[in-house]
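Structural description and commentary
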Amino acid sequence: MKPIMVPLAVFLFLPLFGLVMPFFSPVAAGLDLQATSTLSHLWSFVLGEYIVTTLALIFGVGAGVFVLGVGNAWIIASYDFPGKKIFQWALILPLAVPAYVMAYLFVDLLQFSGPIQTALRILLGTDALWFFPDPRSMAGAIWSFSFCLYPYVYLITRTAFIERSRRLIEVSETLGYSPFQGFINLVLPMARPAIFAGMALALMEVLADFGAVSYFGVQTFATGIFKAWLSFGDRLAAVQLALGLLSFVLLIFFVEQSSRSKLRYSSPSQGRSLIKRLTGKKAFFAFAFCGGTILCGFLLPAFALLQLLLKQGLSVDIRYLGWLSNSLSVASLTALISVALAIFFAYSVRVHAELNWVNRLLSFGYALPGAVLAIGVLSFLEFFQLAWWMSASLLVLVYAYLVRFLSSSLQSVEAGLSRITPSMDGSAALLGLSKSQILRRVHIPLLKRSLMTAGLFVFVDVMKELPATLLLRPFNFDTLAVATYQLAADERLAELALPSLTIVLVSLLPVLLLSRVISKS
């Protein structure tokens, strides 16, 4: 295992090498001059707008997921009120709706011909609502992303709040603070690492998104990458924009890691958390805040999806079965390979602990936006004149999925292996079993649940992935995600209902697993 592990990990890092290969191409002696000229052109015309809009989106969505995630987490962790048992798991349901699907449904709900504006015009007896904001804007993108991604903050922060006993609030009250002041001055700072971790995950999803921002007309690095490569055929510009997007991801990753490393005083308190019972107006406000979040984040999009499905009627696009078959086949293949690789890497580190750094490096793949990953793969293949592989095989697409999603299956398998005590390995070795036999006859049977979870999460991630699929799919190979994006781009919203609903229903599987765990906690 040891001689294979490092070369295999390097193989999974080839897209990063592909991002810098164009600058070392032997084709043009004046490549550096060309790179400078291209970057100067980008800076003069579009790069400034990409930077400003990306920063605005990051700060806007960051504020949105903070308010929704932290607010709901604190209410659920600290108070008891009618409906709490439902809210504590229902608040993660928006994770089942991909950001690009949320964008299409949000615009369909709030556009001029949508049900909300139509009902208001009838109610007010007017032909136009001049005060109604344009849903297809930066504000609409921030709203949509916030309600779609706040569960990342909610899940992690809720755990942190539960670990912080309500005794912290009681102590702050003895010092003369109100419950709100105690929350701001004591509880919130101690939960800062968890909050930063959740916000980092949400913001990385924002940076990686292409379908939603392009539909809202927001010009970010992701949309710029697609324009440079597909519209203008400028390989160098696409690589430079990909490196710019990667720098944003690395900055968020660095801020999140440094914030956790400095806050060493944060430790869980002992004892059972004390829950305060809310009544009257306070109970109503808690119910309204949690209920309003679920309404905007899941119930209204689900209503819009069902409305589009009814509008389509009984007719089904004849291509739907092809999209479904393509999605299921590529997702299943990727899930099987990722689980096999996760077992290999996790068990190799269990046997050779000094190679733990390899698995930590592989975890970085999840932080790579799909557009950046695709450009890295394309650049690598083009450098060696192998780009024709994409049109003939799914291997390139599956490889890109593995680079991006292997870390999620690896973490699940590592968590399962950590629950198997080393004494079991020793006992099996005394019985004459080799290391491979111990893995096959002892560990894998005990890891069945972890392996199923790992495969399920990768399967769902692949089903939802859009940017990498758009750039790397073979000819005439459309998945449900690609079909949904193309139908939305053509404003054929009624026809995207069925593929979108299929993606949402599949994505509900891991969400329901999480909700089951949360309801038992």
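Every value quoted in this text rests on a predicted model; they were computed, and no experiment measured them.

What follows concerns the packing of helix α17 (residues 370-383) against helix α19 (residues 395-418). Two elements in contact, α17 and α19, have axes separated by 10 Å at closest approach and are oriented at 130 degrees. One element, α17, and the other, α19, form an angle in the oblique class. Here α17 runs over α19; the crossing is right-handed. Here Gly370, Leu373, Val377 and Leu381 of α17 lie close against α19, whose contacting residues are Val396, Tyr399, Ala400, Val403 and Arg404. The residue inventory of the contact of α17 with α19, partitioned by class, reads seven nonpolar, one polar and one charged.

Attention now goes to the layout of surface pockets. Computed from the structure, the second largest pocket encloses a volume of approximately 520 Å³. If you go around the second largest pocket, you meet 17 residues; those closest to its centre are Trp74, Ile75, Tyr79, Phe180 and Leu278. Within the residue set of the lining of the second largest pocket, elements represented by two or more residues are α3 (31-78), α9 (179-190) and α14 (280-312).

One can find Thr479 in the loop between α23 (467-472) and α24 (480-489). When near neighbours in sequence (up to four residues on either side) are disregarded, Thr479 contacts Trp323, Ser327 and Thr469.

Further remarks concern the packing of aromatic side chains. Here a ring pair, both rings aromatic, is described through the centre-centre distance and the interplanar angle of the planes. This model, assessed by the stated rule, comprises 17 aromatic pairs. Measuring from ring centre to ring centre gives 4.8 Å for Tyr104 and Tyr215, while their planes differ by 75 degrees; the resulting arrangement is edge-to-face. Taken as a pair, Tyr104 in helix α5 (residues 99-110) and Tyr215 in helix α11 (residues 211-216) lie far apart in primary sequence, 111 residues in all. Assessed through its relative accessible area of 8%, Tyr215 is described here as buried. One Lys or Arg, Arg136, reaches over the ring of Tyr215 and ends 4.2 Å from the middle of that ring.

This part covers a nonpolar patch on the surface. Judged by side-chain polarity, Leu123, Leu124, Trp130 and Phe131 come together as a nonpolar surface patch covering roughly 570 Å² of accessible area. Tracing the backbone shows Leu123 in helix α6 (residues 115-124).

Before going further, it helps to spend a moment on the nonpolar core. If you look at soluble globular proteins, the nonpolar side chains tend to sit buried side by side. If you look at the biggest cluster of nonpolar residues, it comprises 178 residues, and the most contacted ones within it are Phe81, Phe145, Phe161, Phe345, Leu362, Ile375 and Leu472. Examining the composition of this core, we find that 14 residues originate from one element, helix α15 (residues 320-351), more than from any other. For Phe81, the residues in contact, after removing those within four places along its chain, are Ile75, Ile76, Phe87, Arg277, Leu278, Ala283, Ala286, Phe287 and Cys290.

Unusually for a residue other than glycine, Asn476 sits at a positive phi of about 60 degrees. Following the sequence through the fold, Asn476 ends up in the loop between α23 and α24. Its identity is not glycine, yet Glu491 carries a phi of approximately 60 degrees, on the positive side. Tracing the chain through its elements places Glu491 in the loop between α24 and α25 (497-520).

Taking burial as the measure, the eleven residues of helix α12 (residues 221-231) include eight buried ones, the bulk of the element. All of the buried residues in α12 are Phe221, Ala222, Thr223, Gly224, Ile225, Phe226, Ala228 and Trp229. Once α12 finishes, Gly233 follows within two positions and takes phi at roughly 65 degrees, a positive value.

Further remarks concern empty space enclosed by the protein. A water-sized probe rolled over the atoms picks out the places where empty space is left. For the coordinates displayed, the defined rule picks out four cavities of 30 Å³ or more. Roughly 70 Å³ of internal volume is contained in the largest cavity. Top element by residues in the lining of the largest cavity is α19. It accounts for three residues. By volume, the second largest cavity amounts to about 60 Å³.

Turning our eyes to something else, we now look at the environment of Leu466. Following the sequence through the fold, Leu466 ends up in the loop between α22 (448-464) and α23. With 13 residues separating them in the primary sequence, Leu466 and Thr479 have C-alpha atoms 8.9 Å apart. Discounting residues that sit within four places of it in the chain, Leu466 has contacts with Tyr100, Gly211, Ala481, Val482 and Tyr485.

How each quantity is defined
Residues numbered from 1 in each chain as written. Predicted model: local features only at pLDDT ≥ 70, side-chain atom pairs only at ≥ 80, totals over all residues. Heavy atoms only, no water. Axes fitted to C-alpha atoms, helices over the stretch in contact; angles between N-to-C directions. Helix = DSSP H or I, 4+ residues; strand = E, 2+ residues; numbered from the N terminus. Parallel < 35°, antiparallel > 145°, perpendicular 65-115°, else oblique. Left-handed = near helix turned anticlockwise from the far one by under 90°. Contact = heavy atoms within 4.5 Å. Nonpolar A, V, L, I, M, F, W, Y, C, P; charged D, E, K, R; others polar. 1 Å grid on protein atoms, 1.4 Å probe; cavity = no way out; pocket = protein on both sides within 12 Å on 5 of 7 lines; lining within 4 Å. Points joined across faces, edges and corners; volume = space filled by probe spheres on them. Phe/Tyr/Trp six-rings, centres within 6.5 Å; stacked < 30°, edge-to-face > 60°. Buried < 20%, exposed > 50% of the residue type's maximum accessible area, 1.4 Å probe, protein only. Lys NZ or Arg CZ within 6 Å of the ring centre and 35° of its normal. Patch = residues over 30% accessible without salt bridge, like charges linked within 9 Å, V, L, I, M, F, W, Y side chains within 5 Å. Areas by Shrake-Rupley, 256 points an atom, 1.4 Å probe, with all protein chains shown as cover. Salt bridge = Lys/Arg side-chain N within 4 Å of Asp/Glu carboxyl O. Core = buried A, V, L, I, M, F, W, Y, C linked by side-chain atoms within 4.5 Å.

Remember that the coordinates give geometry; whether it matters functionally is a separate question.
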